[in-house]
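So the chains spell out like this:
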Amino acid sequence: MKKKIKYTDAPASISSSIRSSKTVEDFLPPPNKLVLKEDNSRVTIVLSKKSISFFKEESKRSGVPYQTMIKKVLDLYTEHYAHK
């Protein structure tokens, strides 16, 4: 049987920090509210090789699919100009 750890043997600074710590209420939404399903449409589009290369390189760096990045750029553009 393993020897039990006595947490009372912690250094004074750690013990003091633990005793003076505060509990923070959960502020995150539940998982089903984190990502909302969007109403999407599938399209075929012809883009320049330069643009595709750029997004594919950025995709490798960030780990975000390049189509998702292109969609976000278009969504931001739409949000900016649709309300003017």
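Residues numbered from 1 in each chain as written. Predicted model: local features only at pLDDT ≥ 70, side-chain atom pairs only at ≥ 80, totals over all residues. Heavy atoms only, no water.

The name that an unreviewed UniProt entry assigns to the chain is Toxin-antitoxin system, antitoxin component, ribbon-helix-helix domain protein, with the source organism given as Leptospira johnsonii.

Student: Would you mind showing me how to read the overall build of the chain here?
Tutor: Counting secondary structure elements, the chain contains four helices and zero strands. Traced from its N-terminal end to its C-terminal end, the chain shows the element sequence α-α-α-α. Against the globule reference of 12 Å for 84 residues, the chain gives a C-alpha radius of gyration of 25 Å, more extended than a compact globule. Expressed as lengths along the three principal axes of its C-alpha atoms, the size of the chain is roughly 65 × 30 × 25 Å. Accessible surface for the chain amounts to roughly 8,900 Å². Of this, 59% is attributable to carbon and sulfur atoms. (Helix = DSSP H or I, 4+ residues; strand = E, 2+ residues; numbered from the N terminus. Rg over C-alpha atoms; globule rule 2.2 N^0.38 Å. Areas by Shrake-Rupley, 256 points an atom, 1.4 Å probe, with all protein chains shown as cover.)

Student: Would you mind going over the layout of surface pockets with me for this structure?
Tutor: Think of a ball as big as a water molecule: rolled over the atoms, this probe shows where empty space is left. Put simply, the largest pocket is a space of about 820 Å³. Lining the largest pocket we find 20 residues, and of these Ser 41, Val 43, Gln 67, Ile 70 and Lys 71 sit closest to its centre. Elements represented by at least two residues in the lining of the largest pocket include exactly helix H3 (49–62) and helix H4 (66–82). Examining the composition of the lining of the largest pocket, we find that eight residues originate from one element, H4, more than from any other. Split into classes, the residues belonging to the lining of the largest pocket amount to nine nonpolar, six polar and five charged. (1 Å grid on protein atoms, 1.4 Å probe; cavity = no way out; pocket = protein on both sides within 12 Å on 5 of 7 lines; lining within 4 Å. Points joined across faces, edges and corners; volume = space filled by probe spheres on them. Nonpolar A, V, L, I, M, F, W, Y, C, P; charged D, E, K, R; others polar.)

Student: Help me out: how do you make sense of the packing of aromatic side chains in this one?
Tutor: Any aromatic ring pair is given by two values, namely how distant the centres are and how the planes are angled relative to each other. Under the criterion given, the structure shown has two aromatic pairs. An angle of 45° between the planes, with centres 4.8 Å apart, marks the rings of Tyr 77 and Tyr 81 as tilted. Residue Tyr 77 and its partner Tyr 81 are both found in helix H4; the two are separated by four residues, about one turn of the helix. (Phe/Tyr/Trp six-rings, centres within 6.5 Å; stacked < 30°, edge-to-face > 60°.)

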